[in-house]
Structure formats: C-alpha cells, structure tokens
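So you can see what is in the structure, the chains are spelled out below.
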Amino acid sequence: MAVAAAMLATGCNNKKEEELRQQQALNEATRDELAAAVSDRDQLLGLVNEISSGMEQIKQLENILAIDGQSETPGQRQQIRSDIAAIQQTLEQRRLKLEELEKKLSNSSLANSNLKQTIASLRGQIDSQTQEISTLRASLDEAKTRINNLDAQVDSLHGTVTTITAERDSTTEQNAQLTNELNLCYYAIGNKSELKENKIIETGFLRKTKILEGDFDRAFFTVADKRTLTKIDLNSSKAEVLTNQPEGSYVIDDENGRKVLRITNPAQFWSLSNYLVVKID
C-alpha cells in the first residue's frame, strides 16, 4: 500500500509540474509568441479539416471505381487518373505543411503533449491516405491492363471473324462456281455436212455414223445451263437427235411449221452426256 501511495503521489506531482510548467510558459510568453502559437494552432486545426475532406475525396473515388470499374469510358478513366494525381499532390503539400508546423511547435515553449499527439495522428492519417491513393492507382492500372487485354482479345476475335467470313465467302463463291460448271451443257444444231465438217459426226460408205468420236470443234456448240434450258428452237422442218438422250425426257414439237425441242425432264435428259447434237435438214 505504501508503494502504491508513493507512485500515485509521484504521478500527481508530475502532472502538477507539467501544468505549472505550461502556466509558467504562458506567463513568460510574449505577445508575439502567443500570436504565433494561436496562428500555428489555427493552421493545425485547418489541416485537420483538410485531411478529413481528403479522406472523403478518396472514398468517393473508391466508390466510383467499385461501381463503374467494368463500364467506365476512356474519358472517365482519365478523369479518375487526374483526380488521383491531384490528391497525391495535395497530400504531399499537407505533409510538408505538417512538418513545418511540427518544427515550429517543437521549438515553441508553448508546445504540449496534446499538440504532439495531434500531429502524430495527422501524420498517420496522411500516411494512410497516401497508401489508399497508391492502392487506387494500382487498381486503376490493373483495370486498364485488363481492359487493354480485353480490347486485344476483341481485336483478335474481329480478325478471326473477318478471316472466317472471307474463307466462307470464298468457299461459297467456289461452290457456286463449281455448281455452275457442273450445270453447263452444250448443244449443236446443223445439217449433215455442217456436223461432218466440224468433226462432230463421222460417216462413210456402208459405215455407221459415229458421234463425237474424234477431235470435234467445240466452238460449234452453244453453251447453256441445264437448270434453265427447257426449249431449243431448231429452225427446221425436220430434226433428229443424234446423241443418246434418254427417250421420254424430251419431245420434238411443231411450232408454225418449224421444229422445237422441249426438255421435259432435265435431270434425266442430261444424265448420260452434257452434249446434245441435233441433225436438221
């Protein structure tokens, strides 16, 4: 008990000595020192308010990044980056201002433990805000990298789609061209001498007529499309199909005294050959 009482008495004495020292310092202080101390105190209080306001700015930026991080435009990202840079610059100015005030107060006889605690607290808040801003900048850089990667992927996909589209169009064009070629047909109409002259038929005494056996003149043939060719005007009163088109796939009619060949079943008509030879007289 005696030890405890002694310690309590010592603590009380120290407190009283601190209060006496402060009172003595106030009594001894000049008017200019008091004015400077009040000014420094006011600046310190103003700095407290500034730091609190800075924290609100940082919180607002955090909310903006949290809400709009996925949909922000390049203009918005640039504005956020500018805001972060401005806050960083302001924090550095506040740090220098706090150091200046701390130096003044440390040299003043009016400094007390409360002011020192306030300064230490403000320094901690500035350090915390600086760390917050660094984190925000890192988050913004990470978002920028992620967006750039997504843009690169989109560009790559566009390139792939363009390539695939070009290949598809090319294949479609080739298929159409091949289909058109497969549907080409050729027909020649002429009398016996014309067909013989162009080596489309070969005849001789007591020899069976041969059709398209040798190097015949293909320029004598008319090129047509099986899908659309349904009627051939023969311009003759007599006509005979010499090639092996199946019976029942066509008919030869009269129109105004002239022969006309009508294809009634195109698939069957061209099933054996793409060439048609008709002899007229």
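Residues numbered from 1 in each chain as written. Predicted model: local features only at pLDDT ≥ 70, side-chain atom pairs only at ≥ 80, totals over all residues. Heavy atoms only, no water.

### Some points on the overall build of the chain
Put simply, the test is: Here a strand is any run of E in DSSP of at least two residues, a helix any run of H or I of at least four, and the numbering for each starts at the N terminus. Here's how the labels work: a residue is buried when its accessible area is under 20% of the maximum for its type, exposed when over 50%, partly exposed in between, all with a 1.4 Å probe on protein chains only. Should any heavy atoms of two residues lie within 4.5 Å, those residues are counted as being in contact. Using a 1.4 Å probe, accessible areas were evaluated by the Shrake-Rupley method; residue-level cover was limited to the displayed protein chains.
Each helix and strand counted, the chain has six helices and nine strands in total. Per-residue burial over the chain gives 26% buried out of 281 residues. In the chain, the proportion of contacts linking residues at least 24 apart, taken out of those at least 6 apart, comes to 70%. As displayed, the chain has an accessible area near 18,600 Å², and 51% of this comes from carbon and sulfur atoms.

### Side note on the packing of aromatic side chains
Going by this rule: Pairing of aromatic rings covers Phe, Tyr and Trp, the last through its six-membered ring, and needs centres within 6.5 Å; plane angles under 30 degrees mean stacked, over 60 mean edge-to-face, and all others mean tilted.
Under the criterion given, the structure shown has six aromatic pairs. Ring centres of Phe 221 and Tyr 275 lie 5.2 Å apart, and the angle between their planes is 85 degrees; this geometry places the pair in the edge-to-face category. In this pair, Phe 221 is assigned in the loop between strand S3 (207-211) and strand S4 (222-225) and Tyr 275 in strand S9 (residues 275-280), connecting sequence segments 54 residues apart. Given a relative accessible area of 19%, Tyr 275 falls into the buried group. Centre to centre, the rings of Tyr 250 and Phe 269 are 5.6 Å apart; their planes meet at 80 degrees, and the pair counts as edge-to-face. Remark: Phe 269 occurs in helix H6 (residues 266-269) and Tyr 250 occurs in strand S7 (residues 250-255); sequence separation between them is 19 residues.

### Topic: the sheet that holds strand S6 (residues 239-241)
Definition in use: Strand pairing is assigned whenever DSSP detects at least two bridges linking the two strands. With axes taken as lines fitted to C-alpha atoms, and helix axes fitted only over the stretch in contact, angles between N-to-C directions fall between 0 and 180 degrees.
With mixed pairing, four strands are arranged side by side in an open sheet as S4-S1-S9-S6. A single partner strand is all that each edge strand has here, and the edge strands are S4 and S6. For this sheet, the mean inter-axis angle between neighbouring strands, taken without regard to orientation, is 30 degrees. Two elements, strand S1 (residues 184-190) and S9, share five bridges in a ladder whose sense is parallel. Note on S9: the bridge partner recorded for Tyr 186 is Tyr 275.

### Focus on the side chain of Thr 243
What counts, and what does not: N or O atoms within 3.5 Å of each other form a polar contact, as long as, within protein, one can give a hydrogen and the other can take it, and as long as residues adjacent in sequence are counted only when both atoms are side-chain atoms.
Among the secondary structure elements, Thr 243 is positioned in the loop between S6 and S7. You can call Thr 243 buried: its relative accessible area is 11%. Side chain to side chain, Thr 243 and Gln 245 meet in a polar contact 2.5 Å long. Here Val 277 takes part through its backbone nitrogen, which lies 3.2 Å from a polar atom of the side chain of Thr 243. With sequence-adjacent residues up to four places away left out, Thr 243 is seen in contact with Ile 211, Leu 212, Tyr 275, Leu 276 and Val 277.

### Concerning the nonpolar core
To keep it simple, the criterion reads: In these notes, a set of buried Ala, Val, Leu, Ile, Met, Phe, Trp, Tyr and Cys residues joined through side-chain atoms within 4.5 Å is what counts as a nonpolar core.
One finds Leu 229, Ile 232, Leu 261, Phe 269, Trp 270, Leu 276 and Val 278 to be the most contacted residues of the largest nonpolar core, which totals 15 residues. Elements with a minimum of two residues in this core: S1, strand S8 (258-263) and S9. In terms of residue count, S9 provides more of this core than any other element does, three residues in total. Discounting residues that sit within four places of it in the chain, Trp 270 has contacts with Cys 185, Tyr 186, Lys 226, Leu 229, Gln 245, Ile 263, Tyr 275 and Leu 276. With nine residues, the next largest nonpolar core counts Ala 188, Leu 195, Leu 242 and Val 277 among its residues.

### A look at the pattern of salt bridges
How we decide: Every case where a carboxyl oxygen of Asp or Glu lies within 4 Å of a side-chain nitrogen of Lys or Arg is listed as a salt bridge.
For the structure on display, the rule yields nine salt bridges. Ionic pairing is found between Arg 262 and Glu 255, a salt bridge with its closest N-O pair at 2.1 Å. Take Arg 262: its relative accessible area is 27%, and that puts it in the partly exposed class. Counted as one network, the salt bridges with shared partners bring together Lys 231, Asp 233, Asp 253, Glu 255 and Arg 262.

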